[in-house]
Amino acid sequence: MNPNPNATTPVSGILERCHILARSIQAHPRVKLGHLPTPLEPMDRLSEALGGPRIWVKRDDCTGLASGGNKTRKLEFLIADALEKKADTIVTQGATQSNHVRQSVAAAAKFGLKSHVLLEDRTGFPDAEYKDGGNVLLDRFFGAVIEHLPGGTDMNAAMEARAEDLRKTGASPYIIPGGGSNPVGALGYVDCARELFEQAAAEGLDIDLIIHATGSSGTQAGLVAGLAALEVDTPLLGIGVRAPQETQEQMVYNLACKTMDYLGMGHEIRREAVSADCRFVGQGYGLPTAGMWDALKMLAELEGLLFDPVYSGKGLDGMISLVREGAFSDMKNIVFIHTGGSVGLFGYRAHMEGIF
Ligand SMILES: *Cc1c(COP(=O)(O)O)cnc(C)c1O
């Protein structure tokens, strides 16, 4: 029994805060795209092999749209915003093998919107599978107009220019930023934080750490804002796939603050709540590392799960390395958010030498 009559039990406290957060999220326009809630499953063979805390996987690879992934949650809010603004075409951008672009063009198709996408060659890989297979093949299925641009192009300026061209033809374009990472899109991960803590409460699970791959920052920023709104201090760690730590953390922090403003709940975002480990990037964005391939093989063989070479695989490499270093030795339960992307494996076939 709790001796303080004014205190609620921890579980009813968190559920109450989940409901309050859900109401604030519901005040924003949203369409239905995802198969939600996604499952939360233990990975016991992996946990046993590593000998650390019990590791759970939040299956955001199973969001349902066009083979799934984390962009689907963001697109529920972004597409609703596009429809509210009477757009008839979306313009977005990403790397050649972008999972964000694949999910965006599928979402656009479902709501009768056309899509123009700009793909930046960030790796310089010359092979046909990379340039035209995997995600790019699916972009074609969804009817996107695709433009390939060289690495280093100012992609935001290119999107603005493309939108201006479209306006001149009488179209009404809506620009979705790279990765869907703005306050509108990040609301999807505010809601994921709520969903995860409702699931954990139902399972009686105390989460000691949440970990996931971080890139354009909307996923982590949404989670940071969601955790602040839920008033939980569960640590959250992003594993970087592109930028150095300071840049990545600042990007996440800035977007988390803007997302909290957009959400309208007024909780403070603490800079210390934003933490990224960017030691697992390797030579650069989209360039495979040996640790990433080892992690992908390990999860396939131990858990029957597929991850991707650009994001979730590097995220896993980070998590596995940190568990092995003993960084989480005082923890019982950690949750890895599987952000999807296994379609990208088919775009990386030429870069798997020696892994089988
Ligand atoms: C986009 C993406 C991420 C990173 O999410 P951000 O919100 O861009 O930080 C992680 N994993 C996969 C598979 C992705 O496609």
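As the structure is a computational prediction, the values presented were derived from the model and not from experiment. (Residues numbered from 1 in each chain as written. Predicted model: local features only at pLDDT ≥ 70, side-chain atom pairs only at ≥ 80, totals over all residues. Heavy atoms only, no water.)

J.: Go over the overall build of the chain, please, and point to the residues and values.
T.: Helix and strand counts for the chain stand at 12 helices and 10 strands. In terms of overall size, the chain behaves like a compact globule, its C-alpha atoms giving a radius of gyration of 20 Å where 356 residues would be expected to give roughly 21 Å. Referenced to the eigenvectors of the C-alpha coordinate spread, the extents of the chain come out at roughly 70 × 50 × 35 Å. Expressed as a percentage of the 356 residues in the chain, the buried residues total 59%. Pairs at least 24 apart in sequence give 80% of the contacts found in the chain among residues at least 6 apart. Just so you have it, the chain exposes about 14,700 Å², and 52% of that area is on carbon and sulfur atoms. Put simply, the chain has 33 plus and 43 minus side-chain charges, and the middle of one group is 4 Å from the middle of the other. (Helix = DSSP H or I, 4+ residues; strand = E, 2+ residues; numbered from the N terminus. Rg over C-alpha atoms; globule rule 2.2 N^0.38 Å. Buried < 20%, exposed > 50% of the residue type's maximum accessible area, 1.4 Å probe, protein only. Contact = heavy atoms within 4.5 Å. Areas by Shrake-Rupley, 256 points an atom, 1.4 Å probe, with all protein chains shown as cover. Lys, Arg positive; Asp, Glu negative; His and termini not counted. Charge placed at Lys NZ, Arg CZ, Asp CG, Glu CD.)

J.: So what about the environment of Val-252? Which residues, and what values?
T.: Looking at the element boundaries, Val-252 is found in helix α10 (residues 245-263). Residues Val-252 and Glu-195, spaced 57 residues apart in sequence, show a C-alpha to C-alpha distance of 21 Å. In this structure, Val-252 is in contact with Thr-214, Ser-217, Gln-220, Ala-221, Val-224 and Val-274, ignoring residues within four places of it in sequence.

J.: I'd love a proper account of the packing of helix α8 (residues 183-203) against helix α9 (residues 218-230), names of residues and values included.
T.: The contact between α8 and α9 brings their axes to 7 Å, and the two run at 50°. As the angle between them shows, α8 and α9 are arranged oblique. The two elements α8 and α9 cross, and the hand of that crossing is right-handed. Contacts between α8 and α9 involve Ala-186, Tyr-189, Val-190, Cys-192, Ala-193, Arg-194 and Phe-197 from the former and Gly-218, Thr-219, Gly-222, Leu-223, Ala-225, Gly-226, Leu-227 and Leu-230 from the latter. Tallied by class, residues from the contact of α8 with α9 come to 10 nonpolar, 4 polar and 1 charged. (Axes fitted to C-alpha atoms, helices over the stretch in contact; angles between N-to-C directions. Parallel < 35°, antiparallel > 145°, perpendicular 65-115°, else oblique. Left-handed = near helix turned anticlockwise from the far one by under 90°. Nonpolar A, V, L, I, M, F, W, Y, C, P; charged D, E, K, R; others polar.)

J.: Please provide a residue-by-residue account of empty space enclosed by the protein, values included.
T.: Tallying each qualifying case throughout the model produces 1 cavity of 30 Å³ or more. Roughly 40 Å³ of internal volume is contained in the largest cavity. Around the largest cavity sit Gln-97, Asn-99, Asn-135, Asp-308, Val-310, Tyr-311, Gly-341, Gly-344 and Tyr-348, which together line it. Residue classes in the lining of the largest cavity are distributed as 3 nonpolar, 5 polar and 1 charged. (1 Å grid on protein atoms, 1.4 Å probe; cavity = no way out; pocket = protein on both sides within 12 Å on 5 of 7 lines; lining within 4 Å. Points joined across faces, edges and corners; volume = space filled by probe spheres on them.)

J.: Kindly report on the pairing of strand β4 (residues 114-121), identifying the contributing residues and their values.
T.: Most of β4 sits out of view: 6 of its 8 residues are buried. As defined by bridge partners, strand β3 (residues 89-95) adjoins β4 across 7 bridges and the pair is classed as parallel. The residue bridging Ile-90 from the neighbouring strand is Ser-115, located in β4. With 6 bridges connecting them, β4 and strand β5 (residues 145-150) associate as parallel partners. Bridging across to β5, Leu-118 finds its partner in Glu-147. (Pairing = 2+ DSSP bridges.)

J.: Describe the site of the ligand, with residues and values.
T.: Taken together, 17 residues are adjacent to the ligand, and Lys-71, Lys-74, Ser-216, Thr-219 and Thr-339 come closest. Between Asn-70 and the ligand, the recorded distance is 3.0 Å, taken from a side-chain N or O atom to an oxygen atom. One of the side-chain N or O atoms of Thr-219 is found 2.7 Å from an oxygen atom in the ligand. For the ligand, whose accessible area on its own is 380 Å², the fraction buried by protein is 99%. (Near = heavy atom within 4 Å. Polar contact = N/O pair within 3.5 Å; in protein donor to acceptor, adjacent residues only side chain to side chain.)

J.: Run through helix α7 (residues 155-168), naming residues and quoting values.
T.: With 14 residues, α7 should reach 20 Å at 1.5 Å per residue; the first-to-last C-alpha distance of 20 Å fits that figure. Every buried residue of α7 is listed here: Met-155, Ala-158, Met-159, Arg-162, Ala-163 and Leu-166. Across the axial projection of α7, the buried residues extend over an arc of 135°, all falling on one side. On the buried face of α7, the contacting elements are β3, β4, β5 and β6 (173-175). Between the side-chain oxygen of the N-cap and the backbone nitrogen of Asn-156 there are 3.3 Å, and the N-cap of α7 in question is Asp-154. Note on α7: the residue one or two positions beyond its end, Gly-170, has a positive phi of about 95°. (Expected span 1.5 Å × (residues − 1). Arc of directions from axis to C-beta.)

J.: Describe in detail the packing of aromatic side chains, supporting the description with residues and values.
T.: A complete count under the given rule lists 5 aromatic pairs for this structure. Both rings, one in Phe-125 and one in Tyr-130, keep their centres 5.2 Å apart while their planes meet at 80°; by these two values the pair is edge-to-face. Ring centres of Phe-125 and Tyr-348 lie 6.0 Å apart, and the angle between their planes is 85°; on these two criteria the pair is classed as edge-to-face. Of the two residues, Phe-125 sits in the loop between β4 and α5 (128-132) while Tyr-348 sits in the segment after β10 (333-337), which places them 223 residues apart along the sequence. Residue class for Phe-125 comes out buried when judged on its relative accessible area of 12%. (Phe/Tyr/Trp six-rings, centres within 6.5 Å; stacked < 30°, edge-to-face > 60°.)

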